[in-house]
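This is what each chain is made of:
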Amino acid sequence: MKKFNNKVAAITGAASGIGRMLAVNLAVKGCEVAISDIDARGLEKTAEMVEKQKGKVSIHEVDVAQRDQVEKYAANVVKQHGRVDMIINNAGVAVAQSVDDVSYEDFEWLFGINFWGVVYGVKAFLPYLQKQPEGHIVNISSVNGFITWPNHAPYCASKFAVKGFTETLWQELRNTNIRVSCVQPGGIKTNIARNTRFYKSPGNQMTHEQSIDAFDKMAGTSADKAAGIIISGMLKNKRRILVGPDAYVLDGLTRLFPVKFVGWFAAMVGRE
Ligand SMILES: NC(=O)c1ccc[n+]([C@@H]2O[C@H](COP(=O)([O-])OP(=O)(O)OC[C@H]3O[C@@H](n4cnc5c(N)ncnc54)[C@H](O)[C@@H]3O)[C@@H](O)[C@H]2O)c1
């Protein structure tokens, strides 16, 4: 995306964290934002923040795991704004439990949002983006799209899947008017740990509160800073946007020690 002025961005999961700050920061750059989430109150708060920046905003209650809702979202954005230039597939959730113990219900819930939500977002918005001189698809993966983390198999699998899906999409669209970026943030201070479906299990002795504390200490980048980095990556049409110094360190370590690092990381986070 060369510039954001007078463009329209649809953002999922925009009632909190990175999605909220993407909406605010894009509005500051003159972009209209069509924000969506399942959290209606959170969306209202994001809309207030956008309007404070004199931004134009529309609100859409959408569960990204429901294909029909995402398809209606795309049509409604175009109806209300006259066009759409960007889709940022950001909504995401986590489950903390071992593979042994995790229920299929939680596994499928997470995949419905983190993976299928991204697929639905891409397929629903693509035909509209193709009508614009320039379009941009931004899918939020994670450092867990290249490093694994004990007790987070569903999350890691979903974020590896988003990376694979997004890179393939980039290959298919590389000679078209649509840019594609895969975002891989490190620890960002948001509500993600609070919103995690957290379970104590033999391999996972922390309480939810302890894990939230540990996450807050580890997450070194604010959501505002993360949004700034993503937007600047979009302006440079980067295929891969790493967010935060920890993301760069982890990327370097996995390149240097692709096999050994898996064991070191397990030991470091307390599961040998
Ligand atoms: N915070 C981090 O450290 C971090 C690191 C790497 C990647 N990410 C990714 O960044 C993205 C944003 O997460 P965040 O950290 O801002 O978390 P967050 O919990 O603050 O925000 C996530 C938003 O997604 C929404 N959401 C949940 N289920 C939904 C559904 N079914 N339909 C629509 N919206 C739904 C939530 O209501 C919430 O507003 C996620 O994809 C997450 O996996 C976060």
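The preceding data block contains the structure.
Okay, so let's go over this structure. (Residues numbered from 1 in each chain as written. Predicted model: local features only at pLDDT ≥ 70, side-chain atom pairs only at ≥ 80, totals over all residues. Heavy atoms only, no water.)

**Focus: the overall build of the protein chain**
Stage number 1. In terms of helices and strands, the protein chain carries nine helices and 11 strands.
Stage number 2. Across the protein chain, the fraction of contacts at a sequence separation of at least 24, relative to all contacts at a separation of at least 6, is 69%.
Stage number 3. Looking at the protein chain, you have 33 positive and 26 negative side-chain charges, and the mean spots of the two groups are 9 Å apart. (Helix = DSSP H or I, 4+ residues; strand = E, 2+ residues; numbered from the N terminus. Contact = heavy atoms within 4.5 Å. Lys, Arg positive; Asp, Glu negative; His and termini not counted. Charge placed at Lys NZ, Arg CZ, Asp CG, Glu CD.)

**Some points on the sheet that holds strand β2 (residues 32-37)**
By way of backbone hydrogen bonds, the strands of a sheet pair with one another, either parallel or antiparallel.
Stage number 1. Strand order in the open sheet formed by seven strands is β3-β2-β1-β4-β6-β7-β11, with parallel pairing between adjacent strands. The sheet terminates laterally at β3 (57-61) and β11 (240-243), the two strands that pair on one side only. Neighbour-to-neighbour, the strand axes of the sheet open up by a mean angle of 15 degrees, direction not taken into account.
Stage number 2. In terms of strand pairing, strand β6 (residues 135-140) meets strand β7 (residues 178-185) through six bridges, oriented parallel. Looking at β7, one finds that Val-138 is bridged to Ser-181.
Stage number 3. Along the sheet, helix α4 (residues 104-129) contacts β1 (8-11), β4 (86-89), β6 and β7; its crossing angle with β4, the most-contacted strand, is approximately 180 degrees.
Stage number 4. Taken strand by strand, helix α7 (residues 223-235) contacts β4, β6, β7 and β11, and its axis lies near 160 degrees from that of β11. (Pairing = 2+ DSSP bridges. Axes fitted to C-alpha atoms, helices over the stretch in contact; angles between N-to-C directions.)

**Regarding the pairing of β4**
Here is the key point about a regular strand: its side chains alternate between the two faces of the sheet.
Stage number 1. Where burial is concerned, the two faces of β4 agree: the one with Met-86 and Ile-88 and the one with Ile-87 and Asn-89 are both buried.
Stage number 2. Here β1 runs beside β4; their pairing, made up of three bridges, is parallel. Looking across to β4, one finds that Ala-10 is bridged to Ile-87.
Stage number 3. As defined by bridge partners, β4 adjoins β6 across four bridges and the pair is classed as parallel. Bridged to Ile-87 within β6 is Ile-137. (Buried < 20%, exposed > 50% of the residue type's maximum accessible area, 1.4 Å probe, protein only.)

**Brief notes about the pattern of salt bridges**
Stage number 1. Counted under the stated rule, the structure contains nine salt bridges.
Stage number 2. A salt bridge links Lys-7 to Glu-134; the nearest nitrogen and oxygen atoms lie 4.0 Å apart. Remark: Glu-134 occurs in the loop between α4 and β6 and Lys-7 occurs in the segment before β1; sequence separation between them is 127 residues.
Stage number 3. Judged by its relative accessible area of 12%, Lys-7 is buried.
Stage number 4. Through salt bridges with shared partners, one network takes in Arg-240, Asp-251 and Arg-255. (Salt bridge = Lys/Arg side-chain N within 4 Å of Asp/Glu carboxyl O.)

**Considering the state of the cysteines**
Stage number 1. According to the stated counting rule, one finds zero disulfides in the structure shown.
Stage number 2. Not engaged in a disulfide, the cysteine Cys-156 finds its nearest cysteine sulfur in Cys-182; these two sulfurs lie 14 Å apart.
Stage number 3. Judged by relative accessible area, Cys-182 falls into the buried class, the value being 3%. (Disulfide = S-S within 2.5 Å.)

**Describing the site of the ligand**
Stage number 1. Around the ligand sit 29 residues, and of these Ser-16, Asp-37, Asn-90, Tyr-155 and Thr-190 come closest.
Stage number 2. At a separation of 3.5 Å, a nitrogen atom of the ligand approaches a polar backbone atom of Val-62.
Stage number 3. Note that an oxygen atom of the ligand is positioned 2.6 Å from one of the side-chain N or O atoms of Thr-190.
Stage number 4. Contact with the protein chains hides 95% of the accessible area of the ligand, taken as 830 Å² for the molecule alone.
Stage number 5. Broken down by secondary-structure element, the contributors of at least two residues to the shell around the ligand are α1 (17-28) and α5 (153-173).
Stage number 6. Of the residues that constitute the shell around the ligand, the class distribution is 14 nonpolar, 12 polar and three charged. (Near = heavy atom within 4 Å. Polar contact = N/O pair within 3.5 Å; in protein donor to acceptor, adjacent residues only side chain to side chain. Areas by Shrake-Rupley, 256 points an atom, 1.4 Å probe, with all protein chains shown as cover. Nonpolar A, V, L, I, M, F, W, Y, C, P; charged D, E, K, R; others polar.)

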